[in-house]
Structure formats: C-alpha cells, structure tokens
Amino acid sequence: MFFKRIVIFVLVSVTTVFCFSGCYAITSDIHSSQSKANVEIQPYDEDDINNANALSLIKSYTPEELGLSGSADDYTFLVSSEKIVIEDEDYFKVVAGRVNESGKNDIYNIEEINHYLVSNGLDRILVYDKETDNYNALENVHKLPNDKQ
C-alpha cells in the first residue's frame with residue numbers, strides 16, 4: 001500500500017513538471033514571436049503618402065477657389081478609400097463636407113458638399129460640377145511645399 005502511494009506521487013509529480021514546463025515553452029514561444037512582430041519595421045505604403053498629399057493639396061486652396069461658400073472652417077475634407085480611374089489615370093477622391101450631429105448617441109454624419117479628384121502625380125485636380133454632372137480641370141494647380149518639382 002505504501003509502495004503504491006509512492007508510485008502515484010512520483011507519477012503525479014513527473015506529469016505536473018512536464019505539463020508546466022511544456023506550457024512554459026509554448027507561452028514563451030508566443031511571447032517571443034509577438035515581440036518580434038511588434039519590432040518589425042514596415043515600409044510606408046505609397047498610397048497612404050499620396051492620400052495625405054492629396055488632402056494637403058486640396059486644403060491649400062481657399063474655399064472660393066474650390067467653388068465653396070463660407071470659410072475653410074465650415075468644411076471637413078476627407079480622402080475617400082476608393083480610387084477613381086479616368087482615361088487610364090488614377091485619381092484620389094477628396095470630399096468636402098459638413099459635419100452634422102444626428103442628435104442620438106453622439107452620432108455624426110457628413111453631408112457631401114462637393115468632391116475633387118486629385119491625380120496620383122498630384123499635378124491635376126478635377127472639380128465636380130453638380131449642374132453638368134461633369135468634371136472640370138482646376139487652373140493653377142498648387143505645388144506642395146515639400147514637392148521637389
């Protein structure tokens with residue numbers, strides 16, 4: 001009887017040690033792979049840079065130049081996630097809108113006032129004309145301050 005207790009104790013002890021050491025090895029592998037993933041450096045996405053530049057380019061114009069009434073503070077400018085292709089050229093869609101509060105649960109919506117298409121090379125801007133349902137090229141395209149051209 002005493003011998004059976006010793007054998008059971010040894011088996012339980014060995015099993016416990018192996019289980020906990022196995023769990024430790026698995027969790028240490030997870031933590032080391034997570035820390036490596038957090039340190040990995042990702043290159044900038046060129047589209048993200050151009051989105052920001054397209055937005056900066058549109059914001060460099062006065063509301064009057066963009067065909068908007070009021071001051072720049074009256075509008076919120078956003079870059080759409082969709083790209084527009086016209087005559088085999090990619091454009092970023094920049095929306096000029098007004099933020100409206102719906103009144104329930106602090107939910108806001110944006111009323112689109114007009115939108116603009118900025119070429120991928122940032123050298124051409126098309127202004128949407130609601131009356132004719134066409135785009136017109138904006139004259140005198142600004143250069144960004146950090147633009148090397």
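The notes below deal with the structure included here.

### Observations concerning the packing of aromatic side chains
Here's step 1: Evaluation of the coordinates by the stated rule reveals one aromatic pair.
Here's step 2: Look at Tyr128 and Tyr135: their rings are 5.3 Å apart centre to centre, the planes differ by 55°, and that puts the pair in the tilted class.
Here's step 3: Classification of Tyr128 by relative accessible area gives buried; the value is 17%.
Here's step 4: Tyr135 sits in the partly exposed class, given a relative accessible area of 32%.

### Some words on the pairing of strand β2 (residues 89-101)
Here's step 1: Here strand β1 (residues 76-86) runs beside β2; their pairing, made up of eight bridges, is antiparallel. Counted as the bridge partner of Val85 is Asp90 from β2.
Here's step 2: Hairpin connection of β1 to β2: two residues between the antiparallel strands, including Glu87 at a positive phi of 50°.
Here's step 3: Relative to strand β3 (residues 108-119), β2 runs antiparallel, the two being bridged by 11 bridges. Note on β3: the bridge partner recorded for Phe92 is Val118.

### Here we look at the environment of Val94
Here's step 1: For Val94, the position within the fold is in strand β2.
Here's step 2: Taking the C-alpha atoms as reference, Val94 lies 6.2 Å from Leu117; in sequence the two are 23 residues apart.
Here's step 3: When near neighbours in sequence (up to four residues on either side) are disregarded, Val94 contacts Ala54, Leu55, Ile58, Phe77, Leu78, Val79, Asn114, His115, Tyr116 and Val118.

### Notes on the nonpolar core
Here's step 1: Ile58, Leu66, Leu68, Phe77, Tyr116, Val118 and Ile125 are the most contacted members of the largest nonpolar core, which has 19 residues in total.
Here's step 2: For this core, the elements supplying multiple residues, two or more each, are α2 (46-59), β2, β3 and β4 (125-129).
Here's step 3: In this structure, Leu68 is in contact with Pro63, Tyr75, Phe77, Ala96, Ile113, Asn114 and Tyr116, ignoring residues within four places of it in sequence.

Definitions and cut-offs
Residues numbered from 1 in each chain as written. Predicted model: local features only at pLDDT ≥ 70, side-chain atom pairs only at ≥ 80, totals over all residues. Heavy atoms only, no water. Phe/Tyr/Trp six-rings, centres within 6.5 Å; stacked < 30°, edge-to-face > 60°. Buried < 20%, exposed > 50% of the residue type's maximum accessible area, 1.4 Å probe, protein only. Pairing = 2+ DSSP bridges. Helix = DSSP H or I, 4+ residues; strand = E, 2+ residues; numbered from the N terminus. Contact = heavy atoms within 4.5 Å. Core = buried A, V, L, I, M, F, W, Y, C linked by side-chain atoms within 4.5 Å.

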